[in-house]
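# Results of the structural survey
Chain by chain, the residues run as shown.
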Amino acid sequence: MKKRIGILTYRGEKGFNEQGFLRRLVREGKEMGAEVFVFSPQDVNAASRRIKGFTPGADGWKSGWYAWPDIVIDRYRYYPIEKHKNYLPFRKKNWFRYANSRFANKFRVHQVLMQEEELQRWLPETRLYRREELADMLKRHGVVYVKPTNGSGGRSILRVERRGKVYLLRGRTKNQGRKNAVLPTLSALTTEIERWTNREKYGEEQFFLQQGLDLALLPGRTVDARLLIQKDGSGKWRLTGVGMRIGPKRSSTSNLHGGGTAVPAGRFLAFRFGVQEAERILCECRELALKTVEKIEKHFGSMMEFGFDLGIDANGRVWIIEINPKPGRDIFRKLGQWDRYLQAVRRPLEYALYLAANDRIASRTG
């Protein structure tokens, strides 16, 4: 009998987000012998234990009624705003067996990881935004990033640099517009930042400060590594792949959505640090990811995949910048690594099928 996999995500008036990826998930699941459909909280009829599910058709998405899924993959990207108000109450009902537990916002994740002494050396200093904290961190680090707790794709992030007696501000809005400013005083800087955060935040979202790192491995460019780690069809964590992202000139981030480009990690790091040091860095990145997901599962429950944004500074030191529990995998397409991209799509399905086939292991997670 076919196993039934539901993909939970947001569906609004304009349909689903990340439609290309969802289409690929459904198609690959079908090839793997599973029945896969996409749904949102409003599509569930708990009384009849049936779901209005969606699958891709020739002219868009087609809907139909499906029986209760054996396993659900949660791809819902939550923001604390009105249109997402039903997600958390829905998720807490725990009607389904989930392949991935609920996670936390970026600042809360940092707080949790800081409790683990063996991870602290890889974590840049991070504090909730307050004027006095900004002044203190700028004095000590020279560069500070202002980030939203629920942001993604490099949106709504400001890079703040103290240069002599002035402050340089650079960033991108949530609509990918660029922001550049030179502020003459700390007071003018904080006024501008608070105007920005009030405009950019979703609902009651908070912003936090993160220590700036020297990630200009190429002159005038921000460079970081995107590492994807996933559970496979036997429930084991595996490194799927890693690539480097190079931001546009004068960009505060390296994100591909903001105009960044992707290059192979081994080749780039060998060019910058030499072959032996590049191998050491890549090995450290892999071991760090494996060590970190172990700690995350201790705090949050069983997870399925993570995208790690890792900074590698000019001295070859590795830093954890961000961890995303619902990552994209476009970097492999950008690199032309089609087999790796396909593996990155299929691994969540393989893991979901593994859970569905092993009731003892697939205990309900909230």
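An account of the accompanying structure is given in this report.

Parameters and conventions
Residues numbered from 1 in each chain as written. Predicted model: local features only at pLDDT ≥ 70, side-chain atom pairs only at ≥ 80, totals over all residues. Heavy atoms only, no water. Salt bridge = Lys/Arg side-chain N within 4 Å of Asp/Glu carboxyl O. Helix = DSSP H or I, 4+ residues; strand = E, 2+ residues; numbered from the N terminus. Buried < 20%, exposed > 50% of the residue type's maximum accessible area, 1.4 Å probe, protein only. Phe/Tyr/Trp six-rings, centres within 6.5 Å; stacked < 30°, edge-to-face > 60°. Axes fitted to C-alpha atoms, helices over the stretch in contact; angles between N-to-C directions. Parallel < 35°, antiparallel > 145°, perpendicular 65-115°, else oblique. Left-handed = near helix turned anticlockwise from the far one by under 90°. Contact = heavy atoms within 4.5 Å. Nonpolar A, V, L, I, M, F, W, Y, C, P; charged D, E, K, R; others polar. Arc of directions from axis to C-beta. Polar contact = N/O pair within 3.5 Å; in protein donor to acceptor, adjacent residues only side chain to side chain. Core = buried A, V, L, I, M, F, W, Y, C linked by side-chain atoms within 4.5 Å.

### A closer look at the pattern of salt bridges
Here the structure, examined in full by the defined rule, presents 38 salt bridges. Where E118 meets K295, a salt bridge forms, and the shortest distance between an N and an O atom there is 2.9 Å. Separated by 177 residues along the polypeptide, E118 in the loop between α3 (106–114) and β9 (126–128) and K295 in helix α7 (residues 275–300) bring together distant segments of the chain. Residue E118 is classed as partly exposed on the basis of its relative accessible area, which comes to 41%. Judged by its relative accessible area of 12%, K295 is buried. Across the salt bridge formed by R286 and E287, the nearest N and O atoms sit 2.6 Å from each other. Here the salt bridges share partners, and the residues they tie into one network are E125, R127, R130, E132, E133, D136 and R140.

### Comments concerning the packing of aromatic side chains
Counted according to the given criterion, the structure contains 18 aromatic pairs. On the numbers, 6.0 Å between centres and 80° between planes, the contact of Y10 with Y76 is edge-to-face. Here Y10, found in the loop between β1 (4–8) and β2 (11–12), pairs with Y76, found in the loop between β8 (71–74) and α2 (87–92); they are 66 residues apart in sequence, far enough to count as distant. The buried category is assigned to Y10, whose relative accessible area is 17%. Between F37 and F39, the aromatic rings sit 5.9 Å apart at their centres with planes inclined by 50°, giving tilted as the arrangement.

### What to know about the packing of helix α1 (residues 19–31) against helix α9 (residues 338–357)
The geometry of α1 relative to α9 is characterised by a closest axis approach of 9 Å and an angle of 70° between their N-to-C directions. Here α1 is positioned roughly perpendicular relative to α9, judged by the angle of their axes. Considering the relative orientation of α1 and α9, their crossing is right-handed. Between α1 and α9, the residues in contact are F21, R24, L25, E28, G29 and E31 and Y341, L342, V345, R346 and L349, respectively. A class-by-class count of the residues in the contact of α1 with α9 yields 6 nonpolar, 1 polar and 4 charged.

### What to know about helix α4 (residues 131–141)
Within the span of α4, buried status applies to E133, L134, M137 and L138. Along the axis of α4, the buried positions cluster into a sector of 130°, meaning they face one direction only. Along α4, exposed side chains directed more than 90 degrees from the buried face belong to E132 and K139. In this fold, the buried residues of α4 make contact with β9, β10 (143–148), β11 (157–163), β12 (166–172), α5 (186–200) and β14 (207–211). Following α4 by one or two positions, G142 has its phi on the positive side, about 80°.

### Some thoughts on the packing of α4 against α5
Describing two packed helices takes the angle between their axes plus the distance from one axis to the other. The contact between α4 and α5 brings their axes to 11 Å, and the two run at 120°. Taken together, the axes of α4 and α5 are oblique relative to one another. Classified by chirality, the crossing of α5 by α4 is right-handed. In this structure, α4 contributes R131, L134, A135 and L138 to the contact, and α5 contributes L186, L189, T190, T191, I193 and E194. Grouping the amino acids of the contact of α4 with α5 by side-chain chemistry returns 6 nonpolar, 2 polar and 2 charged.

### A look at α3
Those residues of α3 that fall on the buried side of the exposure criterion are K106, F107, V109, H110, V112 and L113. Check the buried side of α3 and you find it contacts β9, β10, β14, α7 and β19 (318–324). Regarding α3, its N-cap is N105, as a side-chain oxygen of that residue lies 3.1 Å from the backbone nitrogen of F107 further along.

### Here's the deal with unusual backbone geometry
With phi around 40°, E18 is a residue other than glycine that occupies positive phi space. With respect to the helices, strands and loops of the structure, E18 is situated in the loop between β3 (15–16) and α1. The class for E18 is partly exposed, based on a relative accessible area of 23%.

### Overview of the nonpolar core
Counting residues in each nonpolar core, the largest one holds 36 residues, and the members touching the most others are F306, F308, L310 and I312. Secondary structure elements with two or more residues in this core: α3, β15 (223–231), β16 (237–246), α6 (265–273), α7, β18 (305–312) and β19. Excluding anything up to four places from it in sequence, F306 contacts F103, L227, L228, I229, W237, V293, I296, I323, N324, P325 and P327. Among the nonpolar cores identified, the runner-up in size contains 31 residues, and I5, F16, Y341 and L349 belong to it.

### A few points about the environment of F107
As for its position among the elements, F107 is in helix α3. Using a relative accessible area of 11% as the deciding quantity, one classes F107 as buried. For the pair F107 and W61, spaced 46 residues apart in sequence, the C-alpha to C-alpha distance is 36 Å. Discounting residues that sit within four places of it in the chain, F107 has contacts with T126, R127, L128, T149 and F208.

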